[in-house]
Amino acid sequence: MKFLEKFGFEKKDIEELKENSTKALLKEIEAHKKLVIKNLEYLQLLGVTNLSEIFINYHDMFLMDNSNFEEIFKQYEPESLVEKLAKDVRIMEYL
């Protein structure tokens, strides 16, 4: 899970994720690390600044196929989406 630090995750955030996730999910994230990185990079390119908060709350989304993941976000105006995500990550539930 150390790869998350490259995206601005603090060690305490990673530890919180480990404590609050099942071992199966953590293994899945590690097994599909390249996919998770690709999806994190996509959000980073959009300008999302609160990646760790989004990932901690919606980490299962980052295991989606990259093309499907991107399609979810391409439906919205990037600047508006980034602004809304910065205000409240719970909108992820409605995407």
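Heads up: the structure comes first, above all this text.
Quick notes on the rules
Residues numbered from 1 in each chain as written. Predicted model: local features only at pLDDT ≥ 70, side-chain atom pairs only at ≥ 80, totals over all residues. Heavy atoms only, no water. Phe/Tyr/Trp six-rings, centres within 6.5 Å; stacked < 30°, edge-to-face > 60°. Helix = DSSP H or I, 4+ residues; strand = E, 2+ residues; numbered from the N terminus. Buried < 20%, exposed > 50% of the residue type's maximum accessible area, 1.4 Å probe, protein only. Contact = heavy atoms within 4.5 Å. Core = buried A, V, L, I, M, F, W, Y, C linked by side-chain atoms within 4.5 Å. Axes fitted to C-alpha atoms, helices over the stretch in contact; angles between N-to-C directions. Parallel < 35°, antiparallel > 145°, perpendicular 65-115°, else oblique. Nonpolar A, V, L, I, M, F, W, Y, C, P; charged D, E, K, R; others polar.

Turning to the packing of aromatic side chains, a few remarks are in order. Across all of its chains, the model carries six aromatic pairs by this definition. Where Y42 meets F69, the ring centres are 6.5 Å apart and the plane angle is 80°; that geometry is what we call edge-to-face. Of this pair, Y42 sits in helix α3 (residues 33–46) while F69 sits in helix α5 (residues 66–74), placing them 27 residues apart in sequence. Across the pair, F69 and Y42 agree in class, each one buried. Ring geometry for Y42 and F73: centres 6.3 Å apart, planes at 50°, overall tilted. Taken together, the residues span a long stretch of sequence, with Y42 in helix α3 and F73 in helix α5 at a distance of 31 residues. Judged on exposure class, the residue Y42 and its partner F73 are both buried. Connected via pairs of aromatic rings, a cluster forms that spans F9, Y42, F55, F62, F69 and F73.

Take helix α4 (residues 51–58) next. In terms of burial, α4 is a largely internal element, six of the eight residues being buried. Residues of α4 that are buried: L51, S52, I54, F55, I56 and Y58. Tucked into the core, α4 has its buried residues touching α1 (11–19), α2 (23–31), α3 and α6 (78–87).

Now for the side chain of N66. Structurally, the position occupied by N66 is in helix α5. Looking at N66, the relative accessible area reads 10%, which means it is buried. Those residues in contact with N66, other than ones at most four positions away along the chain, are L35, K38 and N39.

Take the nonpolar core next. The biggest cluster of nonpolar side chains holds 30 residues, and the ones touching the most others in it are L4, L40, F55, F62 and F73. Looking at this core, the elements with two or more residues in it are α1, α2, α3, α4, α5 and α6. Non-local contacts of L4, meaning those with residues more than four positions away in its chain, are made with F9, I14, L17, L40 and F55.

Time to look at the environment of L63. By the element assignment, L63 lies in the loop between α4 and α5. Separated by 30 residues in sequence, L63 and K33 place their C-alpha atoms 8.8 Å apart. Among residues more than four places away in sequence, those in contact with L63 are L25, E28, I29, H32, L35 and V36.

Our next topic: the packing of α1 against α4. Interhelical geometry of α1 versus α4 gives an angle of 5° and a closest axis separation of 10 Å. If you check the angle between α1 and α4, you find them roughly parallel. Facing α1, whose interface residues are D13, E16 and L17, α4 presents S52, F55 and I56. Split by residue class, the contact of α1 with α4 holds three nonpolar, one polar and two charged.

None of this, on its own, says anything about what the molecule does.
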